[in-house]
Amino acid sequence: MGNKLNQGWLYTDRINVKGAGQTVLDFYSQRYGHSDRQTWQERIERGQIQLNGQPINPHHPLQSGQILTYWRSPWAEPDVPLSLSVLYQDEDIWAIDKPAGLPVLPGGDFVYHTVLEQLKIQFSQESLFPLHRLGTGTSGLLLLGRSALGRRELSRQFRERRCRKIYRTLIGPCTLPEQFECHQAIGKSPYPQLGYIYAATPNGKQSHSYGKILARSADKTWLEVEITTGRPHQIRIHLASLGYPLLGDRLYGPGGVPFNHQTNARPSDSGYILHSYQLGFLHPRTQETITLTAPLPPDLRLKGDS
């Protein structure tokens, strides 16, 4: 798509009990902090926001169950790699090699430049849906549901932690032992720009990662990390909590919390090297054990890697 404008996007919100009684302007100003109150008022007054299909006054009180829509005019999405290489396919599941920098789901300035929308564009004859998330800056193996059986059974396996998920990554020189594990809890932490982000917190959800050092040099350490839980940004947070942030990670510093001087960094920022390398699961139809592997990017290849 380059710098061309996309086709715009219609955002839809159903008002729940919490939103009832708020004005339209209050609802958007509080729910979507990426734009200030004045900007939201101008959009409402231009008719970009409608209630049940009709233009609405900014100060109109909302009721539970009502439908609000916001038409965002076409804009130029950031350039990111859009190629989706197919690694595996059958009647129930597909697996693709996601490039680093490509978000999985729409959000912020990314709608069409996402895995979900590119699947519809590049494989329009298929009905494919990502079964798990990879961070925007993370590359590698992403599993997709094709049939109703594939979606249902693989979603259950992810939910019940029956899938084996192995990643490769790079940190700086370290004194970690050849094999190590991390049980740092991960939860929501206040963050000025976004309201909150996920980080190392004492009262977060239990999280488990198991690491193995593959190689060391004077300035880098190559790691393989298996996660048995799937918390947001788990590997980035866990390695940072051990004192070794991923090389190039602008957000998570030692302790598994944001760098103090990087208040403008976001979880979706790229720059680090983290690769979804291998995924093991039971095939939803045959119950056969399947192990899929994604080719390693050049920076992660070691002698002996294919």
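Residues numbered from 1 in each chain as written. Predicted model: local features only at pLDDT ≥ 70, side-chain atom pairs only at ≥ 80, totals over all residues. Heavy atoms only, no water.

- The name an unreviewed UniProt entry assigns to the protein chain is Pseudouridine synthase, from the organism Synechocystis salina LEGE 00031.
- Per UniProt, the protein chain has the following entry under Catalytic activity (unreviewed entry): "a uridine in RNA = a pseudouridine in RNA".
- The Function (unreviewed entry) comment attached to the protein chain in UniProt states, word for word, "Responsible for synthesis of pseudouridine from uracil." (UniProt positions renumbered as here; feature names shortened; annotations may be inferred.)

1. A few points about the sheet that holds strand E2 (residues 49–51)
Line of reasoning, step 1. With respect to topology, 4 strands assemble into an open sheet ordered E1-E4-E2-E3, the strand pairing being antiparallel. Since the sheet does not close on itself, it has two edges, and those belong to strand E1 (9–14) and strand E3 (54–55), each with one partner.
Line of reasoning, step 2. As judged from the 3 bridges shared by E2 and strand E4 (residues 67–72), these two strands associate in the antiparallel manner. Its bridge partner lying in E4, Gln 50 is registered against Thr 69. (Pairing = 2+ DSSP bridges. Helix = DSSP H or I, 4+ residues; strand = E, 2+ residues; numbered from the N terminus.)

2. Points about the UniProt feature "domain: RNA-binding S4" (unreviewed entry) in the protein chain
Line of reasoning, step 1. According to UniProt, the positions carrying the feature "domain: RNA-binding S4" (unreviewed entry) are residues 23–81.
Line of reasoning, step 2. As annotated, residues 23–81 comprises 29% helix and 19% strand, and the C-alpha atoms at either end are separated by 40 Å.

3. Section: the pattern of salt bridges
Line of reasoning, step 1. Per the stated rule, a full pass over the model turns up 18 salt bridges.
Line of reasoning, step 2. Between Arg 156 and Glu 153 there is a salt bridge, with the nearest N and O atoms lying 2.8 Å from each other. Here Arg 156 pairs with Glu 153, and both are found in helix H4 (residues 148–159), just 3 residues apart, close to one helical turn.
Line of reasoning, step 3. A salt bridge links Lys 212 to Glu 224, with the shortest nitrogen-to-oxygen separation between them at 3.8 Å. Residue Lys 212 is located in strand E13 (residues 209–216), and its partner Glu 224 is located in strand E14 (residues 221–227); the two are separated by 12 residues in the primary sequence. (Salt bridge = Lys/Arg side-chain N within 4 Å of Asp/Glu carboxyl O.)

4. Notes on the layout of surface pockets
Line of reasoning, step 1. Volume-wise, the second largest pocket comes out at about 220 Å³.
Line of reasoning, step 2. Considering the residues around the second largest pocket, the lining is formed by Asp 13, Arg 14, Ile 15, Asn 16, Lys 18, Gly 19, Gln 22, Phe 27, Gln 30 and Arg 31.
Line of reasoning, step 3. Counting residues per element, the ones that place at least two in the lining of the second largest pocket are E1 and helix H1 (24–31).
Line of reasoning, step 4. Within the lining of the second largest pocket, the residues separate by chemical class into 2 nonpolar, 4 polar and 4 charged. (1 Å grid on protein atoms, 1.4 Å probe; cavity = no way out; pocket = protein on both sides within 12 Å on 5 of 7 lines; lining within 4 Å. Points joined across faces, edges and corners; volume = space filled by probe spheres on them. Nonpolar A, V, L, I, M, F, W, Y, C, P; charged D, E, K, R; others polar.)

5. A closer look at empty space enclosed by the protein
A probe matching the size of a water molecule, rolled over the atoms, marks out where space remains unfilled.
Line of reasoning, step 1. This structure, assessed with the given rule, holds 1 cavity of 30 Å³ or more.
Line of reasoning, step 2. The space that makes up the largest cavity amounts to roughly 50 Å³.
Line of reasoning, step 3. Taken together, Phe 180, Cys 182, Ser 209, Tyr 210, Gly 211, Val 225, Ile 235, His 238 and Leu 239 make up the lining of the largest cavity.
Line of reasoning, step 4. For the lining of the largest cavity, the secondary structure elements donating two or more residues are strand E10 (179–182), E13 and helix H5 (234–241).
Line of reasoning, step 5. Split by residue class, the lining of the largest cavity holds 6 nonpolar, 3 polar and no charged.

6. Points about the pairing of strand E12 (residues 195–200)
Line of reasoning, step 1. In the sheet, strand E11 (residues 186–191) pairs with E12 via 6 bridges, with the strands oriented antiparallel. Note that in E12 the partner of Tyr 191 across the bridge is Gly 195.
Line of reasoning, step 2. Linking two consecutive strands that pair antiparallel, namely E11 and E12, is a turn of 3 residues.

7. As for H1
The α-helix winds at 3.6 residues per turn, so residues separated by three or four positions along the chain end up facing the same way.
Line of reasoning, step 1. Three or more residues of H1 are buried, namely Val 24, Leu 25, Phe 27, Tyr 28 and Ser 29.
Line of reasoning, step 2. Contacts made by the buried residues of H1 are with E1, helix H2 (37–45), E2 and E4. (Buried < 20%, exposed > 50% of the residue type's maximum accessible area, 1.4 Å probe, protein only. Contact = heavy atoms within 4.5 Å.)

8. Comments concerning the packing of aromatic side chains
Any pair of aromatic rings gets described here by the distance separating the centres and the angle formed by the planes.
Line of reasoning, step 1. Considering all chains together, one arrives at 9 aromatic pairs under this definition.
Line of reasoning, step 2. A centroid spacing of 5.3 Å and a plane angle of 90° characterise the contact between Phe 27 and Tyr 28, whose relative ring orientation is edge-to-face.
Line of reasoning, step 3. Judged by relative accessible area, which is 7%, Phe 27 ranks as buried.
Line of reasoning, step 4. Seen from their ring centres, Trp 94 and Phe 123 are 5.2 Å apart, and the 75° between their planes marks the pair as edge-to-face. Here Phe 123 lies in the loop between helix H3 (115–122) and strand E7 (129–130) and Trp 94 lies in strand E6 (residues 93–98), a separation of 29 residues in the sequence. (Phe/Tyr/Trp six-rings, centres within 6.5 Å; stacked < 30°, edge-to-face > 60°.)

9. Quick look at the nonpolar core
Nonpolar side chains in soluble globular proteins generally cluster together in the buried interior.
Line of reasoning, step 1. Counting 29 residues, the largest nonpolar core has Val 115, Ile 171, Ile 235 and Leu 239 as its most contacted members.
Line of reasoning, step 2. Of all the secondary structure elements, the ones that give two or more residues to this core are E6, H3, strand E8 (138–145), strand E9 (164–171), E14 and H5.
Line of reasoning, step 3. It is E14 that provides the largest number of residues to this core, a total of 3 residues.
Line of reasoning, step 4. Once residues within four sequence positions are removed from consideration, Ile 235 is found in contact with Tyr 167, Val 225, Ile 227, Leu 246 and Leu 274. (Core = buried A, V, L, I, M, F, W, Y, C linked by side-chain atoms within 4.5 Å.)

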